[in-house]
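Chain residues, written in single-letter form:
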Amino acid sequence: MKLDRIKLNIEEIPFKKSLSFRPLINKIKEEQKANDYPNIQAEAILKMLKEKPELETSDFDIKEVSAYRESIHILMSYFYTPSQYRNSIGVVATPFDDENFYFTPKYKELYGNENLKIELVGQSEQDQCYKTFTLLFYAYSMILEKFYGKQLGDEYFFLYKITDKLNDLVKYYKLEFDKTCIDISHQGELPKISEEQFYTMLNNPLDMDFWMKVLPLNNFTFCGFLPFQYVDVSQIEIISSLKSQLLEKASIIKKENFEQLEQNIRSLLQLPNLNLGIISFSMNQGNVENRANYWHGFLSPEKFNCDDYRGTIYEEAASLKSVVLVNDLSKRENLMPLEQALLDQGINNISIIPLYNGQELVGIMEIGSTQAHDITFSKLRVIKDIIPVFSIAIQRTTEELQNKIQAIIKEECTAIHPSVEWRFLDAASNLLLAKETGVSSKMEEIVFSNVYPLYGAIDVRHSSDIRNQTIQDDLVEQLNLAKEVLLRVYDNINMPIYDQLIYKVDYFINGIKENLSSGDEMNVLGFLRSDVEPLFDHFNENGEEVHQAILNYRNNIDSDLNIVYKRRKDFEDSLAFINECVTSYLEIEEEKAQAMFPHYFEKYRTDGVEHNIYIGDSIANGKSFDLIYLKNLRLWQLIVGAELARKTEKLKETLPIPLETTGLILVHSQALAIRFRQDEKKFDVDGAYNIRYEIVKKRIDKALIKGTNERLTQPGMLAIIFSEEKEIEEYKRYLEYLIAFGYFEDNIESLVLEDLQGVYGLRAIRIKVKKGKEEKDVLKMVENLKMNN
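Along each chain, numbering runs from 1 in the same order as the chain's sequence is written. Only residues with pLDDT of 70 or above have their local features reported here, since the model is predicted, and side-chain atom pairs are shown and tallied only from 80 upward, although totals for entire chains, interfaces and linings are computed over all residues. Excluded from the side-chain calculation are hydrogens and water; included are all heavy atoms of the structure.

Draft legend 1. Quick look at the sheet that holds strand S5 (residues 159-164). Strands are labelled as partners when DSSP assigns at least two bridges between them. Only DSSP runs of H or I covering at least 4 residues are called helices, and only runs of E covering at least 2 are called strands; the numbering of each starts at the N terminus. Within the open sheet, the 6 strands sit side by side as S3-S2-S9-S6-S5-S4. Their pairing is antiparallel. What marks the edges here is a single partner per strand, and that holds for strand S3 (100-103) and strand S4 (116-120). Taking the axes of each pair of neighbouring strands and ignoring which way they run, one obtains an average angle of 25° across the sheet. We call two residues contacting when some pair of their heavy atoms lies within 4.5 Å. Axis definition: a line fitted to C-alpha atoms, limited for helices to the stretch in contact. Angles are taken between N-to-C directions and run from 0 to 180 degrees. Running at roughly 125° to strand S6 (residues 170-177), helix H9 (residues 234-247) makes contact with S5, S6 and strand S9 (226-232) of the sheet.

Draft legend 2. Region of the structure containing the sheet that holds strand S8 (residues 220-224). Pairing in this open sheet of 3 strands is mixed, and the strands run S1-S8-S7 from one edge to the other. A single partner strand is all that each edge strand has here, and the edge strands are strand S1 (16-19) and strand S7 (182-186). The sheet shows a mean angle of 15° between the axes of neighbouring strands, taken without regard to direction. Sheet topology places S7 next to S8; 5 bridges connect them, and they run antiparallel. Counterpart to His186 in the pairing with S8 is Phe220.

Draft legend 3. Structural detail: unusual backbone geometry. Positive phi, close to 60°, is recorded for Lys321, a residue that is not glycine. In this structure, Lys321 sits in the loop between helix H11 (313-320) and strand S12 (324-326). Of note in this structure, Asn562 is not a glycine but carries a positive phi near 60°. Considering the arrangement of structural elements, one finds Asn562 in the loop between helix H20 (544-555) and helix H21 (567-596). Overall, Asn562 belongs to the partly exposed group, its relative accessible area being 36%. Three labels apply to residues, based on accessible area from a 1.4 Å probe with only protein chains included: buried if under 20% of the type maximum, exposed if over 50%, partly exposed otherwise in between.

Draft legend 4. Here's a closer look at helix H2 (residues 40-51). Expected helix span is given by 1.5 Å per residue-to-residue step, counting one fewer step than there are residues. With 12 residues, H2 should reach 16 Å at 1.5 Å per residue; the first-to-last C-alpha distance of 17 Å fits that figure. For H2, the full list of buried residues reads Ala42, Ile45, Leu46, Met48 and Leu49. The buried residues of H2 occupy an angular sector of 160° when the element is viewed end-on, so they sit on one face. Among the exposed residues of H2, those pointing more than 90 degrees away from its buried face are Ile40, Lys47, Lys50 and Glu51. Of the surrounding elements, those touching the buried residues of H2 are helix H1 (22-34) and helix H3 (69-76). By arc we mean the arc of the directions from the helix axis to the C-beta atoms, nothing more.

Draft legend 5. Structural detail: the packing of aromatic side chains. Stacked, tilted and edge-to-face are the three classes applied to pairs of Phe, Tyr and Trp rings, where Trp contributes its six-membered ring and a pair requires centres within 6.5 Å; stacked means planes under 30 degrees apart, edge-to-face means over 60, and tilted covers the rest. Enumeration according to the criterion identifies 38 aromatic pairs in this entry. Ring geometry for Phe96 versus Phe222: centroids 4.8 Å apart, planes at 75°, classification edge-to-face. Remark: Phe222 occurs in strand S8 and Phe96 occurs in the loop between strand S2 (89-93) and S3; sequence separation between them is 126 residues. Accessibility assignment for this pair places Phe96 and Phe222 in one class, buried. With a centroid separation of 5.7 Å and 65° between ring planes, the pair formed by Phe147 and Phe220 is classed as edge-to-face. In this pair, Phe147 is assigned in helix H6 (residues 127-148) and Phe220 in strand S8, connecting sequence segments 73 residues apart. With a relative accessible area of 0%, Phe220 lands in the buried category. Taken together, the ring pairs in this structure connect Phe21, Phe60, Tyr68, Tyr78, Phe79, Phe101 and Phe225 into an aromatic cluster.

Draft legend 6. Quick peek at the side chain of Thr648. In this structure, Thr648 sits in helix H22 (residues 627-652). Judged by relative accessible area, which is 2%, Thr648 ranks as buried. For this analysis, a polar contact is any N or O atom pair within 3.5 Å, provided that within protein one partner can donate a hydrogen and the other can accept it, and provided that sequence-adjacent residues contribute only side-chain to side-chain pairs. At 3.2 Å, the side chain of Thr648 forms a polar contact with the backbone oxygen of Ala645. With residues near it in sequence (within four places) discarded, Thr648 still touches Ile578, Val582 and Thr661.

Draft legend 7. Inspection of the packing of H21 against H22 at higher detail. Following both chains from N to C, one finds H21 and H22 inclined at 155°, their axes separated by 10 Å at the closest point. Looking at the two axes, H21 sits roughly antiparallel to H22. Here H21 and H22 pass one another in a crossing that is right-handed. In this structure, H21 uses Phe577, Ile578, Cys581, Val582, Tyr585, Leu586, Glu589, Glu590, Ala593 and Met596 to contact H22, whose residues at the interface are Tyr629, Asn632, Leu633, Trp636, Val640, Glu643, Leu644, Lys647, Thr648 and Leu651. Here the angle decides the label: under 35 degrees means roughly parallel, over 145 means roughly antiparallel, 65 to 115 means roughly perpendicular, and every other value means oblique. Handedness of a helix crossing follows the sense of rotation of the near helix relative to the far helix, less than a right angle counterclockwise being left-handed and clockwise being right-handed.

Draft legend 8. Examining the pattern of salt bridges more closely. The rule for a salt bridge is simple: a side-chain nitrogen of Lys or Arg has to be within 4 Å of a carboxyl oxygen of Asp or Glu. Scanning all chains against the criterion turns up 36 salt bridges. Close ionic contact of Arg605 with Glu580 constitutes a salt bridge, the shortest N to O distance being 3.0 Å. You can see Arg605 sitting in strand S16 (residues 600-606) and its partner Glu580 sitting in helix H21, a full 25 residues away along the chain. Taking the relative accessible area as the measure of exposure, Glu580 reaches 42% and is therefore partly exposed. Here the salt bridges share partners, and the residues they tie into one network are Arg461, Glu649, Lys652 and Glu660.

Draft legend 9. Expanded view of the nonpolar core. In these notes, a set of buried Ala, Val, Leu, Ile, Met, Phe, Trp, Tyr and Cys residues joined through side-chain atoms within 4.5 Å is what counts as a nonpolar core. Among the nonpolar cores identified, the biggest contains 48 residues, and Phe15, Phe96, Leu144 and Phe222 are the most heavily contacted of them. Those residues in contact with Phe222 that sit more than four places away from it in its chain are Phe15, Lys16, Lys17, Ser18, Pro95, Phe96, Ala139, Met142, Ile143, Ile182, Asp183 and Ile184. With 33 residues, the next largest nonpolar core counts Phe258, Met365, Ile386 and Val389 among its residues.

Draft legend 10. Region of interest: the side chain of His668. In this fold, His668 is placed in the loop between strand S18 (661-667) and strand S19 (672-677). Residue classification places His668 among the buried residues on the basis of a relative accessible area of 16%. If near-sequence neighbours (up to four positions away) are discounted, His668 is found in contact with Pro453, Arg634, Tyr693 and Glu727.

Draft legend 11. Layout of helix H17 (residues 496-514). Here H17 contains 19 residues, and its C-alpha end-to-end distance of 27 Å stays within 8% of the 27 Å for a straight helix at 1.5 Å per residue. For H17, the full list of buried residues reads Tyr498, Leu501, Ile502, Val505, Phe508, Ile509 and Ile512. Buried positions in H17, seen along its axis, are confined to an arc of 120° and lie on one side of it. Across from the buried face of H17, at angles greater than 90 degrees, the exposed residues are Pro496, Tyr503, Tyr507, Asn510 and Glu514. Against the buried residues of H17 lie helix H16 (463-492), helix H18 (520-532) and helix H19 (536-539).

Written out as structure tokens, the structure reads:
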């Protein structure tokens, strides 16, 4: 309820009131008569009143209170036992004048403490208006109950928040008052209130102008006093506030929100030295995720990884699925490094609380204190009911972060290989954090340094020539079909224009057969569509032979492309079958290779399939890299190359055009760096020195053996290109092993290559793939390898 929306156009209360002890005295007398047993306290009060009869007046002067302080204290003992007087926060006031005349010590202590800030929750700046509204609401609650039998339920209407300025701990108190010491009277006829009017009042408690219109207060008189009691509802209010906070977005990850959560926990447990920590699990490849920018664990994620939590109180809490409490960490023996780090940070008392979503562990809550024995199990029971809400908040926040991060990756980086996804998650998380905090930013550069490249290609031999030949064949066929139509028409009607068209068709046929130039296809199709095909409807009137020739032309035209598309389709289908075969096999074997050691892998289709592999420590995301894994992949690449040669050779028998494939591998032993190019959405080799590797890759497919016109790459053979002598010896050892296992013929050719543009001194070895062997499981072969290092 927002109290700044109060509607009230008066400043003074409109009814009569007076301070009087008579309602209490009459109550005591009536109870004394009704009691079967003597009431010593009541007898003492009544005895005092005989000596002080002036206290029974109906209009006691507030100025006389100090003169009767002791007598009033005796009267108030009817409300406050000695224990209540010492321990409760109470005050007694004149009716609706807000003049307090009797206080408990705790009340004086509360309002006399300069280090406490007291504020009414929800109160606006309209102090006088709100004060008048408060008094009127109290008055109506008593009038409606006494004269109309209606309850307003005002228990939580007035709530005080008290903040300790020294440590920011907060407490909440609701204000209760006793109505039994007020007598209410009314002069004249009592106003009538319908049910509809009452519920309108009830539903609009801030519209006090409407209340006074329905039920004017001018003829009411209040006589007596009002005892008020401050009741501690801190636990209820703070837990409610915590639940509301945790249901909000970014309640855990935003620093200011988390600090408010922490302060509320401190207030709830009344521990100013308390620290709160949150660790989320299962956000990044199953590791403990405690990204400092998002989650707020006690320990830095840069210093401790998942393995460091093993054997600690964290693992103990997770395995037991229950709270672990350490009263004094300094007294605990055999501390693990992570636990020692907690102690070094000043955490002496700590509780580890596992957070579950169903059966899944989603995170850990840390509650720590610099003071030993601050946190006890009795205090932890206080927060028991909000633990599930923390679990839900972590799960929801984790899912929201993952969705936002994935959206950033898709926007900034397109599809990402799983081996490097962790790095993109880091970069996307940092970018998301910047956006969440309003900082202008862009995706950070993603570079993997000191990685070793592997390149391989399965290429369709003479693919460009074959493609051109199929285009020639289709164009010639379409021109001959058009020529047949023109000849049939010319036989019926001997017109020179038809003969000229036949001449033009022959001209195109002869030119295409001799040599297909880049613009020939467009010229031919343009001629047919503008000069020949528009005449077909007219030609149809020239007899059945012409009609059949036109029908034959149209039946041989592809309905989608509007051209003859036969040999080209055979070529494209054959190429697609080869690429699909190669791609499928590569994907299967790459998944197995990825299990050996993580590496970046990409493939792309041309007239064949090329692939790039990068392996190294910077890609491995914390795993220890050794050159044995590079050698492993090199051997894997040779085996895969042999198997692909066999597969494509077998596939050739089933293709519309029996295309042949060649295999090529480029070896580069120097580590290099790769950088993700935001504009092209792909990785490229980084640095001027490393660019040579890319240049070599682009030119080696047409490499010739030195002193000959023979291409290095040949069908049924695997060619391996080197720039260093030591690489050749390593690969010869691999090939000797694979020859023994029946992958290759026992004839390794050592070759020198002709210089390419900007590339000099390349060497190569070439070996023929052996036919007739069944395919072997690549992973098994590599695992069984006994490699000479």
